[in-house]
Number of protein chains: 2
Amino acid sequence: MTFNTILIVGGGLIGSSIARAAKAYGQAKTVYITDNSHTACSAIERLGFADGVSEGQADYFASQADLVILCVPPGRMGSAAEKIIPNMKSGAVLSDVGSIKGAVIEAVAPFMRDDITFVPAHPIAGTEYSGPEAGFAEIFKDRWCVLTPIKKGLSETKDLKAFWQGIGSQVSIMTPKRHDIVLATTSHVPHLIAYTLVGTAVDMERVTDNEVVKYSAGGFRDFTRIAASDPVMWRDVFLANREATLEVVDRFIEDLTALKRAIRWEDGETLLEHFAKTRDIRRRIVDAGQDSAEPNFGRHD
Amino acid sequence: MTFNTILIVGGGLIGSSIARAAKAYGQAKTVYITDNSHTACSAIERLGFADGVSEGQADYFASQADLVILCVPPGRMGSAAEKIIPNMKSGAVLSDVGSIKGAVIEAVAPFMRDDITFVPAHPIAGTEYSGPEAGFAEIFKDRWCVLTPIKKGLSETKDLKAFWQGIGSQVSIMTPKRHDIVLATTSHVPHLIAYTLVGTAVDMERVTDNEVVKYSAGGFRDFTRIAASDPVMWRDVFLANREATLEVVDRFIEDLTALKRAIRWEDGETLLEHFAKTRDIRRRIVDAGQDSAEPNFGRHD
């Protein structure tokens, strides 16, 4: 066990899952949670997976923790850091789970102390549900957690790596900048596109919402799952990873415009060429254990 | 049982599923399949779900069938109709499973006979896999099958409706034109977007394919599943439903551009407003039994 006592700041889907996993896999003796929401705190107490829950204030918990993990939406990382860091004990480790890294590092920086170490992290895991009831201990299993340490060769980075591996994750290390462009591609822009398409379908005057619901099994329903993710978190992500998001979106619009043109000019060859190359990536994702090979996600079972 | 003998033309995912379902649910006494591919015919024989398999020629089967269903890609509907219709027996019903209706009706029209009735159909069901091995009898259960009859009030439409209901489908009836705009929204454009995004990610020079695979669980992997669908079929769909596809794509690009602008100008309110309205549609799709409520499609099980 690398950390005896852990404080989770924000007991939502990811925070509550870390708490559950740390206990389930014996990666912490004591797990405290603090959350600003009264409803969330009540749920966490009722579910009983934490050793202590505190609404709003967490000075005592912070002073006891060997590891503090900020699990709030990206836009609230700064204020959470401001509140927690002054109470942390000397030598403790601070981390987070933000889906963007550059902006979180910037937001936390003004409140940092020399005697604690900040190791930013991002577990690439989640579901479309939010809140403490939605979490579960196995959510990180076989998924990747990316650490973006600010300094090289820190022992704290190794400790945090051991913690994430201990709760089932694979761990990789990269710079914050690289993280933000990679995740813009594999996560942020896919979410933006899903949100957009669901909105477009709902707004089509010629097609009723009822029809959209009835005939969603033709592909649309998969987009609605992604677009059901926490709106506040995603607003924060897009604003905080603005440049990389816009870069990837622009490339996407370019490519879509090219395919649109191929459709308009009945250029079947260009379409087929493009469509054929996408199957290989799917196979590699399944081979890498990052998705289920069950047809249709096993929906017919 | 409405039809004693059925001929399936094209034993791929959908054709082989209809054959399996017709037998499993007692909706046909005899099911014949014809397919142009030698590999497919061998697989169908080995799997043993048809009463007869024929490679290429199917004159005898066609002459026996009370119902012939064309299950070939949209671009091959015309040539399949040309080959099969002359051999069909008088009074038989012809149908299809094309994802577009206007273009299929046009393609079949030149070969129609007065003594057989064509009732176009489109079952909104499928997986990302292709070929006879991929089919299964339960694929149509609770999904919708849309019939787009050319004439109102035909008894053959009622018969085909009974057949689809008999193999587990819900059935709705609309005009071909309406079908094509509705499906452009709920199926065709979602597929085009998924194909495009997967291509964009693969082509990003700043992000390696290996990174795309590793970090795909952040949303990207769902797009790769849709983009793994049969490329030939989808090329045909986009070309055959050109106008409706382009109409919806243009709306989508408009909406994406508006959200892009909101990101650039850090207009969090516009983003949040847009994202919040998409959750309701998700709930309605789950309530309507058109998708699983399992978080993350139950991938953690």
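Parameters and conventions
- Residues numbered from 1 in each chain as written.
- Chains lettered and ligands numbered in written order.
- Predicted model: local features only at pLDDT ≥ 70, side-chain atom pairs only at ≥ 80, totals over all residues.
- Helix = DSSP H or I, 4+ residues; strand = E, 2+ residues; numbered from the N terminus.
- Rg over C-alpha atoms; globule rule 2.2 N^0.38 Å.
- Contact = placed C-beta atoms within 7 Å.
- Least-squares fit on C-alpha atoms with pLDDT ≥ 70 in both.
- Domains from an automatic or database assignment.
- Nonpolar A, V, L, I, M, F, W, Y, C, P; charged D, E, K, R; others polar.
- Pairing = 2+ DSSP bridges.
- Axes fitted to C-alpha atoms, helices over the stretch in contact; angles between N-to-C directions.
- Buried ≥ 20, exposed ≤ 12 C-beta atoms within 10 Å, placed from the backbone.
- Arc of directions from axis to C-beta.
- Left-handed = near helix turned anticlockwise from the far one by under 90°.
- Right-handed = clockwise from strand over helix to strand, strands pointing away.
- pLDDT = per-residue confidence, 0-100.

1. Digging into the overall build of chain A
Thought 1: Within chain A one finds 13 helices and nine strands.
Thought 2: Its C-alpha atoms give chain A a radius of gyration of 21 Å, within 12% of the compact-globule value 19 Å for 301 residues.
Thought 3: Across its three principal directions, the C-alpha atoms of chain A cover 65 × 40 × 35 Å.
Thought 4: Counted over contacts in chain A with a minimum sequence separation of 6, partners at least 24 positions apart contribute 74%.

2. Considerations on the relation of the copies chain B and chain A
Thought 1: Screw-axis analysis of chain B against chain A gives a translation of 0.0 Å along the axis, an RMSD of 0.0 Å, and a rotation angle of 180 degrees. Given the turn and translation reported, the copies of this chain are related as if by a two-fold rotation axis.
Thought 2: By residue overlap, the copies meet face to face through one surface: 100% of the interface positions of chain B are interface positions in chain A.

3. Points about the domain arrangement of chain A
Residue and element names in this part refer to chain A.
Thought 1: On domain assignment, one finds that chain A holds domain 1 (5-174) and domain 2 (178-292).
Thought 2: Computed from C-alpha atoms alone, the centre-to-centre distance between domain 1 and domain 2 is 30 Å.
Thought 3: Taken together, the residues of the side of domain 1 that touches domain 2 sort by class into six nonpolar, six polar and three charged.

4. Here we look at the sheet that holds strand 7 (residues 121-123) of chain B
All names here are of chain B.
Thought 1: If you walk across this open sheet you meet the three strands as 7-8-9, and the pairing is mixed. Of all strands in the sheet, those bounded by a partner on one side alone are strand 7 and strand 9 (170-173). Averaged over all pairs of adjacent strands, the angle between strand axes in this sheet comes to 20 degrees, irrespective of strand direction.
Thought 2: Where strand 8 (residues 144-147) and strand 9 come together, four bridges link them in parallel fashion. Paired with L147 across the bridge in strand 9 is I173.
Thought 3: Its contacts with the sheet place helix 6 (residues 155-166) against strand 7, strand 8 and strand 9, and it is angled at close to 170 degrees to strand 8.

5. Things to note about helix 12 (residues 268-276) of chain A
Because each turn of an α-helix spans 3.6 residues, side chains separated by three or four positions end up pointing in the same direction.
Thought 1: If you check which residues of helix 12 of chain A are buried, you get A:L271, A:H274 and A:F275. End-on view of helix 12 of chain A: buried residues confined to an arc of 95 degrees, all on one side of the axis.
Thought 2: Of the surrounding secondary structure, the elements contacted by the buried residues of helix 12 of chain A are helix 11 (242-264) and helix 13 (278-287) of chain A together with helix 7 (176-203) and helix 10 (231-240) of chain B.

6. Some remarks on the sheet that holds strand 7 (residues 121-123) of chain A
All names here are of chain A.
Thought 1: If you trace the three strands from one edge of the open sheet to the other, you get 7-8-9, paired in mixed fashion. The sheet terminates laterally at strand 7 and strand 9 (170-173), the two strands that pair on one side only. Ignoring which end each strand starts from, the neighbouring axes of this sheet average 20 degrees apart.

7. Side note on the packing of helix 7 (residues 176-203) of chain A against helix 11 of chain A
All names here are of chain A.
Thought 1: For the pair helix 7 and helix 11, interaxial distance at closest approach is 9 Å and the crossing angle is 65 degrees. Between helix 7 and helix 11 the crossing geometry is right-handed. Between helix 7, through D180, I181, A184, T185, H188, V189 and L192, and helix 11, the contact on the second element is made entirely by A244, T245, V248, V249 and F252.
Thought 2: A breakdown of the residues in the contact of helix 7 with helix 11 according to their chemical character gives eight nonpolar, three polar and one charged.

8. Regarding the interface of chain B and chain A
Thought 1: Between chain B and chain A, the contact holds 95 residues from the first and 95 residues from the second.
Thought 2: A per-element tally of the side of chain B that touches chain A places helix 7 of chain B first, with 18 residues.
Thought 3: Counted by class, the side of chain B that touches chain A contains 51 nonpolar, 21 polar and 23 charged residues.

9. Quick look at the pairing of strand 8 of chain B
Residue and element names in this part refer to chain B.
Thought 1: Neither face of strand 8 is open: one carries W144 and V146, the other C145 and L147, and all of them are buried.
Thought 2: Sheet topology note: the strand 7/strand 8 ladder contains three bridges and is antiparallel. From the neighbouring strand, H122 faces strand 8, where its bridge partner is V146.
Thought 3: With respect to chirality, the unit in which strand 8 leads through helix 6 into the neighbouring parallel strand 9 is right-handed.

10. Focus on the environment of B:A240
Residue and element names in this part refer to chain B.
Thought 1: Secondary-structure assignment places A240 in helix 10.
Thought 2: The spacing of A240 and S54 is 186 residues in sequence and 28 Å in space, taken between C-alpha atoms.
Thought 3: Residues in contact with A240, not counting those within four places in the same chain, are P74, I100 and A103.

11. Description of unusual backbone geometry
Thought 1: Positive phi is not limited to glycine here, since A:D142 has a value of about 65 degrees.
Thought 2: C-beta crowding within 10 Å serves as the criterion here: with 14 such atoms nearby, A:D142 is assigned to the partly exposed category.
Thought 3: Even without glycine at this site, B:N296 takes up a positive phi of about 60 degrees.
Thought 4: Within the secondary structure, B:N296 is located in the segment after helix 13 (278-287).

12. Things to note about the confidence of the model for chain A
Thought 1: With 99% of its residues at a pLDDT of at least 70, chain A reaches an overall mean of 96.
Thought 2: Here the prediction assigns the complex a pTM of 0.95, and the interface score ipTM is 0.94.

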